[in-house]
Every structure is written in structure tokens, then in C-alpha cells.
Amino acid sequence: MSVLHFDRVSKSYGKGWIALSDVSFAIEDGEFAFLVGSSGAGKSTLLSLVIMEQRPDYGLVEVAGFDSNSIKHEQIPVLRRKLGIVFQDFRLLPDMTAAENIAFALKVTGQPRKFIKRRTFELLAKMGLSHKAKSFPHELSGGEKQRIAIARALANSPLLLLADEPTGNLDPRATDELMELLLEINSQGTSILMATHNTDLIDRVPMRVLELENGVLVGDRARGAE
Ligand SMILES: Nc1ncnc2c1ncn2[C@@H]1O[C@H](COP(=O)(O)OP(=O)(O)OP(=O)(O)O)[C@@H](O)[C@H]1O
Ligand SMILES: [Mg+2]
């Protein structure tokens, strides 16, 4: 079964700019794939179509049992609860502390209070940020904000984790720790699609690589198969 399927998807901005052109691929249940391509290649656009923040101009996006042609507006939050999303610009809620940002993701899915407390504590510890639980986003460094965004995305044990440059603000050691964590989460069954510029990382980690160039999927290879 595929958790995600793009069938001949195109997306333009305004009249002129073609951000994605005739893109097709599938991510199988439990798979881990990198999404690479230079700045402007269409990575964030592709992820925004997965979460149905935008719909394709042509083609079909199928994700977690929903599709872009037939999903109703009110079903989009139901879809998003099955996904974990780490945005390139984090999108933490500015008036909530680090712990409250994570807890909020659990609250909206109706988890019991005790569980929320325990899970939030556990995720903060996993990210090495227990000491920043009460800090607000503007009091955190770029890398700390990024780790809080990742903790929030993982809170509900999503079917599919989408991460847009999750290592962009991390130093090499924190990057390695995050990759270990993502591989552990993946081994527990969560599929992962991770957009990254970090070529060193994709050379080291033996996972599938989808490559975009000017909105066209120019490569889709298993590591070692190029
Ligand atoms: N809201 C928008 N309106 C108009 N053009 C946009 C919009 N968002 C993105 N684009 C354009 O679409 C193309 C793809 O952008 P996208 O953000 O998907 O690239 P990206 O691969 O994520 O790049 P980066 O690595 O810099 O994050 C770019 O040329 C960008 O300028
Ligand atoms: Mg981007």
C-alpha cells in the first residue's frame, strides 16, 4: 500500500511560473525518502500539495486515504491529524511556550490530559530541550525552534512525517542525532518524506532519493542503484 501517491501532478503560481510539472511517484507504507533539488526546485510546493494547503492544477494527489479531487474542505483537518508536518519556517505558535506548542498538537486530537503531559515531557527530553519547556519561541535559537517543531510533528505518532529542511539550522552533531531519531521513528512504522539540501546527509544515509529540477522529477532512485 502507498501512503502517498502523486499521479501526473502540475502546479503553477499565477499565470506564468510552473512550480511542478507532471510529477508522479509513490511512497509506500513505512518507506523513508529524501526529496532533493536546488532552491526553487519545487520541494516546498510539493509538500504543500501533500497537506492539501494547495490543490494541483492537473493530476491527482492521494494521501492517507484521501485524494485532492474529492476531499472536502472540512476533511482537511482530519487528514492533517494523520500527518506530522515540520515546516521550513517552523510555524510555532508565538504566544505558547515550547511545551505548550507540543501539547497543543495533542490537545486538538483529543488526548487525555495525563497522556498529554507525559508525552510532551518525553518528546522534550528526546529533543534534549527539557530545560527550555517554559521558553517562548522568540526566546529559542533557530535549532531549538526546529527541534520543537519536530517534537510537535511527532506528537501524535503520524502515519507520514513530512519534514521541510529539518536539519537546516542544526550543527553536524545535532543533525546526526536528529537522523538517528528519524530512523528510529521510521523503524516503528512511520513513513517519512524529508526535503533537504544536505547532500552529505543523503550520501551517508542509504535511503531513496527523489530529485526535483525546475519542477520536474528528474531522479527517483534507491541508494546504490544510480
Ligand atoms: N506563493 C508563491 N507564489 C508565487 N511563486 C511561488 C510561491 N511559492 C513558491 N513560488 C515559486 O515556485 C518555485 C518553487 O518554490 P518552492 O518553495 O517549492 O521551492 P523549494 O524547492 O522549496 O526551494 P528552497 O530550497 O529554497 O526552499 C520557486 O520558483 C518559487 O519562487
Ligand atoms: Mg522550500
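Keep in mind the model is a prediction, meaning the values are calculated, not measured. Numbers given for residues are sequential positions, taken from 1 along each chain in its written order. Ligands are numbered from 1 and chains lettered from A, in the order in which they are written. Local features in a predicted model are, by the rule used here, given only for residues with pLDDT of at least 70; side-chain atom pairs are given and counted only at 80 or more, and totals for whole chains, interfaces and linings are based on all residues. The side-chain values count all of the structure's non-hydrogen atoms but skip hydrogen atoms and water molecules.

> What is the right way to read the coordination of the magnesium ion (ligand 2) from this model?
Octahedral metal centres with six donors ideally show angles of 90 or 180 degrees, and tetrahedral centres with four donors ideally show 109.5 degrees. Looking at the magnesium ion (ligand 2), the protein donor atoms are Ser44 (OG) and Gln88 (OE1), and they sit 2.0 to 2.4 Å from it. Of this pair, serine 44 sits in helix α1 (residues 43–50) while glutamine 88 sits in the loop between β6 (83–86) and α3 (98–107); the two residues are 44 residues apart in sequence, bridging distant segments of the chain. Burial here depends on accessible area, computed with a 1.4 Å probe over protein chains only, as a share of the maximum for the residue type. Under 20% is buried, over 50% is exposed, and the range in between is partly exposed. The partly exposed category is assigned to glutamine 88, whose relative accessible area is 42%. Atoms are scored as donors when they are N, O or S and lie within 2.8 Å of the metal, with 3.2 Å used for Na, K and Ca; no water is included, so coordination may look incomplete. Only DSSP runs of H or I reaching four residues or more are called helices, and only runs of E reaching two or more are called strands; each is numbered from the N terminus.

> Honestly, the pattern of salt bridges in this entry has me stumped. Any pointers?
A pair can form between side chains of opposite charge whenever their charged atoms are brought close. By definition, a salt bridge exists where a carboxyl oxygen of Asp or Glu is found within 4 Å of a side-chain nitrogen of Lys or Arg. For the coordinates displayed, the defined rule picks out twelve salt bridges. Salt-bridge contacts for aspartate 176 lead to arginine 204; the nearest nitrogen and oxygen are separated by 3.2 Å. Taken together, the residues aspartate 176 in helix α6 (residues 172–187) and arginine 204 in helix α7 (residues 199–204) connect sequence positions 28 residues apart. Taking relative accessible area as the criterion, arginine 204 reaches 47% and is therefore assigned partly exposed.

> Quick question: what am I supposed to make of a nonpolar patch on the surface here?
Within the patch definition used here, like charges are joined within 9 Å and nonpolar side chains (Val, Leu, Ile, Met, Phe, Trp, Tyr) within 5 Å, considering only residues with over 30% relative accessible area and no salt bridge. Per-residue and other accessible areas follow the Shrake-Rupley method at a 1.4 Å probe size, with only the shown protein chains counted as cover for residues. On the surface, a cluster of nonpolar side chains totalling about 220 Å² of accessible area is made up of Leu93, Phe104 and Val108. Its place among the elements puts phenylalanine 104 in helix α3. Overall, the relative accessible area of 35% leaves phenylalanine 104 in the partly exposed class.

> What am I meant to see in the site of ligand 1 here?
Neighbouring ligand 1 are 13 residues, the closest being Ser39, Gly40, Lys43, Ser44 and Thr45. Under the rule applied, a polar contact is a pair of N or O atoms within 3.5 Å (in protein, one hydrogen donor and one hydrogen acceptor; residues adjacent in sequence only if both atoms are side-chain atoms). Here an oxygen atom of ligand 1 and a backbone polar atom of glycine 40 are 2.8 Å apart. Contacts to ligand 1 include threonine 45, whose side-chain N or O atom sits 2.6 Å from an oxygen atom. When the free accessible area of ligand 1 is taken as 640 Å², the share hidden by the protein chains comes to 62%. Only heavy atoms are used to decide nearness, and a residue is near a molecule or strand if one of them lies within 4 Å of it.

> What exactly am I supposed to notice about the packing of α3 against helix α4 (residues 113–126) here?
Packed helices, taken two at a time, are described by the angle between their axes plus the distance between the axes. Note on geometry: axes are C-alpha line fits, over the in-contact stretch for helices, and angles between N-to-C directions span 0 to 180 degrees. With their axes 9 Å apart at the nearest point, α3 and α4 run at an angle of 135 degrees to one another. Taken together, the axes of α3 and α4 lie oblique to each other. The crossing of α3 and α4 is right-handed. Contacts between α3 and α4 involve Ala99, Ile102, Ala103, Leu106 and Lys107 from the first element and Phe115, Ile116, Arg119, Thr120, Leu123 and Leu124 from the second. For this classification, under 35 degrees means roughly parallel, over 145 means roughly antiparallel, 65 to 115 means roughly perpendicular, and everything else is oblique. In this scheme the crossing of two helices becomes right-handed for a clockwise turn of the near helix relative to the far one and left-handed for an anticlockwise turn of less than a right angle. Contact between two residues is taken to exist if any of their heavy atoms lie within 4.5 Å; hydrogens are not considered.

> Just checking my understanding: could you explain α1 for this structure?
Residues that lie three or four places apart on an α-helix share one face, since the helix turns once every 3.6 residues. Counting buried positions along α1 yields seven of eight residues, so the element is predominantly enclosed. Among the residues of α1, Lys43, Thr45, Leu46, Leu47, Ser48, Leu49 and Val50 are the ones counted as buried. Methionine 52 occupies a position one or two residues after α1 and carries a positive phi of about 60 degrees.

> Please clarify how the pairing of strand β7 (residues 160–164) should be interpreted in this entry.
Where a strand is regular, its side chains alternate between the two sheet faces. Burial analysis of β7 places five of its five residues in the buried class, the great majority of the element. Alternating positions in β7 separate into two faces, Leu160, Leu162 and Asp164 on one and Leu161 and Ala163 on the other, with burial throughout. Pairing of β6 with β7 involves four bridges; the strand directions are parallel. Counted as the bridge partner of isoleucine 85 is leucine 162 from β7. Strands are labelled as partners when DSSP assigns at least two bridges between them. In terms of strand pairing, β7 meets strand β8 (residues 191–195) through five bridges, oriented parallel. Within β8, the residue paired with leucine 161 across the bridge is isoleucine 192. Call a crossover right-handed when, viewed with both strands pointing away from you, the route from the first strand across the helix to the second goes clockwise. Each parallel crossover has a hand, and the one from β7 via α6 to β8 is right-handed.

> Looking at this structure, I do not really get the sheet that holds β8. What am I missing?
Sheet strands associate in pairs through backbone hydrogen bonding, adopting either a parallel or an antiparallel arrangement. Across the sheet, which stays open at both edges, the six strands sit in the order β6-β7-β8-β3-β9-β10 with mixed pairing between neighbours. Each edge of the open sheet is held by one strand with a lone partner, namely β6 and β10 (216–221). Each adjacent strand pair in this sheet contributes to an overall mean axis angle of 15 degrees, direction not counted. With four bridges joining them, strand β3 (residues 32–36) and β8 adopt parallel strand pairing.

Remember that the coordinates give geometry; whether it matters functionally is a separate question.
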